[in-house]
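Here is how the chains run, residue by residue.
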Amino acid sequence: MKLNEAIAKRLTELLSEKGLTAYGLFMRSGVSQATISDLKNMNNTGVNVRILYELCEGLEIGLDEFFRSPLFEKGNIVD
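A brief report on the enclosed structure follows.

The rules we used
- Residues numbered from 1 in each chain as written.
- Predicted model: local features only at pLDDT ≥ 70, side-chain atom pairs only at ≥ 80, totals over all residues.
- Heavy atoms only, no water.
- Axes fitted to C-alpha atoms, helices over the stretch in contact; angles between N-to-C directions.
- Helix = DSSP H or I, 4+ residues; strand = E, 2+ residues; numbered from the N terminus.
- Parallel < 35°, antiparallel > 145°, perpendicular 65-115°, else oblique.
- Contact = heavy atoms within 4.5 Å.
- Nonpolar A, V, L, I, M, F, W, Y, C, P; charged D, E, K, R; others polar.
- Salt bridge = Lys/Arg side-chain N within 4 Å of Asp/Glu carboxyl O.
- Buried < 20%, exposed > 50% of the residue type's maximum accessible area, 1.4 Å probe, protein only.

Between helix α1 (residues 3-18) and helix α3 (residues 33-40), the least distance of the axes is 8 Å, while the angle of their chain directions is 115°. Classified by the angle between their axes, α1 and α3 sit roughly perpendicular to one another. Side by side, α1 and α3 meet where N4, A8, L11, T12 and L15 of the first sit next to I36, L39 and K40 of the second. For the contact of α1 with α3, the per-class residue count stands at five nonpolar, two polar and one charged.

This is the structure in structure tokens:
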């Protein structure tokens, strides 16, 4: 899968685990709803590390936990 697909899936997983909506994450992270929507809908081919950091802050996790998923294991991401 492509990186943007893995990020979208992981973000959706974490929102579900935390019982949050995209709006709730916007309120907690300050990342715009449009950006969150673009990430979830894979309308973004690249993502700024700062945005991921702010989303993780809103999810109350670290970047390490965001990427601690089989989705990001070697061989699962293709160009």
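From this point on, the discussion continues.
We now examine the pattern of salt bridges. By the definition in use, this model includes five salt bridges. Note that R10 and E13 form a salt bridge whose closest N and O atoms lie 3.1 Å from each other. Here R10 and its partner E13 are both found in helix α1, three residues apart, which amounts to about one turn of the helix. On the basis of relative accessibility, which here comes to 7%, the residue R10 falls in the buried class. Measuring nitrogen to oxygen at the nearest pair gives 3.1 Å for the salt bridge that ties R28 to E60. With a gap of 32 residues between them, R28 in helix α2 (residues 22-29) and E60 in the loop between α4 (49-59) and α5 (63-67) connect regions that are remote in the sequence. Assessed through its relative accessible area of 40%, R28 is described here as partly exposed. Residue E60 is classed as exposed on the basis of its relative accessible area, which comes to 61%.

On to unusual backbone geometry. Outside of glycine, negative phi angles account for most residues, and trans bonds account for most peptide bonds. You will see that M42, though not glycine, has its phi angle at about 55°, which is positive. Mapped onto the elements, M42 comes out in the loop between α3 and α4. Positive phi values are uncommon outside glycine, yet E60 reaches one of about 60°.

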